[in-house]
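Structural overview for review
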Amino acid sequence: MLQRLTDIAREAGEIIRSAREVERTVREKTGPRDLVTKYDLLVQEYLRRELLKLLPEAGFLGEEDENREDLSEKEWVFIVDPIDGTTNFVQGFHNSCVSIGLARRGQMEYGVVCNPYDGELYAARRGEGATLNGAPISCADKALDHSLLIFGSALYYRELVPETLRLFNAAFPLVQDIRRFGSAALDLCYLAAGKAGVFFECRLCPWDYAAGSLIAQEAGCVVTQMDGTPLDLFRKCGVLAGSPIAWQGLREVFQNQKGEIL
Ligand code: IPD
Ligand code: CA
Ligand code: CA
């Protein structure tokens, strides 16, 4: 299964990498920050077809679905973001990926994330560790002040701007430095590979973190909601993730903040 998911992610990635005149295919969903292109839809349809060939009885949850199917009775569910990092894709900023998660009874079993621009493919099966292009990876082991923090701006939720900036301000003086790359799935994989120590974003959708959360966990990271509770695979939630030591450090910083942690 993992090998086949890997092949499908690479093939889907090829659609992204070879896309041309992307800006001409853009449609604004709710405004200039919320974009969809012809390629998001093409890749999603490709993934739906290939993934359901692999496991016909599975449900399919994809970001670009207009009508969501009822998944409550499904044992297996694919949770898919055809292009995570659509704004990057439109701008020609080559940090986007295909993200494929496969959950069984609400628990992630497989995750594959492929950045077609640099050929990096991250994969994990629950209980079997995480890999980058087939080689085992593991998270960093550094305290907060020696860790890069990757943050996500929760850009689709303007009401979260004050909260996001409040947490950013609290964390900034205490970490080595801050990065914002524009693909939550890849952000989680960067933690898995030890390229950064910790990540937060105040609200994400399941397809943003399904695959990446398993990859990060299998590499030794802690991945939770902002309040430390487990992620919800079927509802939007905030994400706090990192190596155990950096996750704990950031969690304490946020806990010491006044106000509500989302
Ligand atoms: C977005 C990216 C981005 C994150 C947003 C996501 P999309 O996904 O992961 O990094 O900050 O919250 O929605 O819209 O490019 O698939
Ligand atoms: Ca996404
Ligand atoms: Ca997307």
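My aim in this report is to walk through the structure given alongside it, one point at a time. (Residues numbered from 1 in each chain as written. Chains lettered and ligands numbered in written order. Predicted model: local features only at pLDDT ≥ 70, side-chain atom pairs only at ≥ 80, totals over all residues. Heavy atoms only, no water.)

**Focus on the coordination of the calcium ion (ligand 3)**
- Coordination of the calcium ion (ligand 3) by the protein comes from Glu63 (OE), Asp81 (OD), Asp81 (OD) and Ile83 (O), over a distance range of 2.1 to 3.2 Å.
- Here the donor residues for the calcium ion (ligand 3) map to a single chain with the spacing E-x17-D-x1-I.
- Here the calcium ion (ligand 3) and the calcium ion (ligand 2) are spaced 3.7 Å apart, with Asp81 acting as a shared donor.
- The exposure class of Asp81 is buried, given its relative accessible area of 1%.
- Take Ile83: its relative accessible area is 1%, and that puts it in the buried class. (Donors = N, O, S within 2.8 Å, 3.2 Å for Na, K, Ca; no water. Buried < 20%, exposed > 50% of the residue type's maximum accessible area, 1.4 Å probe, protein only.)

**Some words on the environment of Arg27**
- With respect to the secondary-structure elements, Arg27 resides in strand E1 (residues 27-31).
- Arg27 sits in the partly exposed class, given a relative accessible area of 45%.
- Every residue in contact with Arg27, bar those within four places of it in the chain, is listed here: Asp34, Leu35 and Val36. (Helix = DSSP H or I, 4+ residues; strand = E, 2+ residues; numbered from the N terminus. Contact = heavy atoms within 4.5 Å.)

**Section: the nonpolar core**
- Judged by nonpolar contacts, the single largest core of 65 residues is most densely connected at Val113, Tyr122, Phe199, Phe200, Val239, Leu250 and Phe254.
- Considering every element that reaches this core, the biggest residue donor is helix H5 (residues 184-192), with eight residues.
- Excluding anything up to four places from it in sequence, Val113 contacts Cys97, Val98, Ser99, Glu120, Leu121, Tyr122, Ala185, Leu186, Cys189, Ala211, Gly212 and Ile215.
- Within the second largest apolar cluster, 30 residues are counted, among which are Leu5, Ile8, Leu35 and Val43. (Core = buried A, V, L, I, M, F, W, Y, C linked by side-chain atoms within 4.5 Å.)

**Quick look at helix H1 (residues 2-17)**
- Look at H1: 22 Å from first C-alpha to last across 16 residues, which is about the 22 Å you get at 1.5 Å a residue.
- Residues of H1 that are buried: Leu5, Thr6, Ile8, Ala9, Ala12, Gly13 and Ile16. Taken down its axis, H1 places every buried residue within 165° of arc, on the same side. (Expected span 1.5 Å × (residues − 1). Arc of directions from axis to C-beta.)

**Some words on the pattern of salt bridges**
- The final tally for this structure, using the stated rule, is 18 salt bridges.
- A salt bridge links Glu14 to Arg17, with the shortest nitrogen-to-oxygen separation between them at 2.7 Å. Here Glu14 pairs with Arg17, and both are found in helix H1, just three residues apart, close to one helical turn.
- Relative accessible area serves as the criterion here: at 39%, Arg17 is assigned to the partly exposed category.
- Measuring nitrogen to oxygen at the nearest pair gives 4.0 Å for the salt bridge that ties Arg125 to Glu128.
- Relative accessible area serves as the criterion here: at 57%, Glu128 is assigned to the exposed category. (Salt bridge = Lys/Arg side-chain N within 4 Å of Asp/Glu carboxyl O.)

**Details of the environment of Gly134**
- Inspection of the secondary structure assignment puts Gly134 in the loop between strand E8 (130-132) and strand E9 (135-137).
- Given the relative accessible area of 59%, Gly134 is considered exposed.

**Quick word on the sheet that holds strand E14 (residues 237-242)**
- Reading across from one edge, E11-E10-E12-E14-E13 is the order of the five strands in this open sheet, with mixed pairing throughout. The open sheet has two edge strands, strand E11 (177-179) and strand E13 (222-224), and neither has a second partner. Ignoring strand direction, the axes of neighbouring strands in this sheet form an average angle of 15°.
- Bridge analysis of E13 against E14 gives three bridges, and the strand direction is antiparallel. If you follow Val222 over to E14, its bridge partner there is Gly242. (Pairing = 2+ DSSP bridges. Axes fitted to C-alpha atoms, helices over the stretch in contact; angles between N-to-C directions.)

**Observations regarding the site of ligand 1**
- Among the 15 residues in the neighbourhood of ligand 1, the closest are listed as Asp84, Gly85, Thr86, Tyr156 and Glu201.
- Between ligand 1 and Arg180, the relevant distance is 2.9 Å, taken from an oxygen atom to a side-chain nitrogen or oxygen of the residue.
- Contacts to ligand 1 include Ser183, whose backbone N or O atom sits 3.1 Å from an oxygen atom.
- For ligand 1, whose free accessible area comes to 380 Å², the fraction covered by protein is 96%.
- Taken together, the elements giving at least two residues each to the shell around ligand 1 come down to strand E4 (76-84) and strand E12 (198-204).
- It is E4 that provides the largest number of residues to the shell around ligand 1, a total of three residues.
- A per-class count over the shell around ligand 1 returns five nonpolar, four polar and six charged. (Near = heavy atom within 4 Å. Polar contact = N/O pair within 3.5 Å; in protein donor to acceptor, adjacent residues only side chain to side chain. Areas by Shrake-Rupley, 256 points an atom, 1.4 Å probe, with all protein chains shown as cover. Nonpolar A, V, L, I, M, F, W, Y, C, P; charged D, E, K, R; others polar.)

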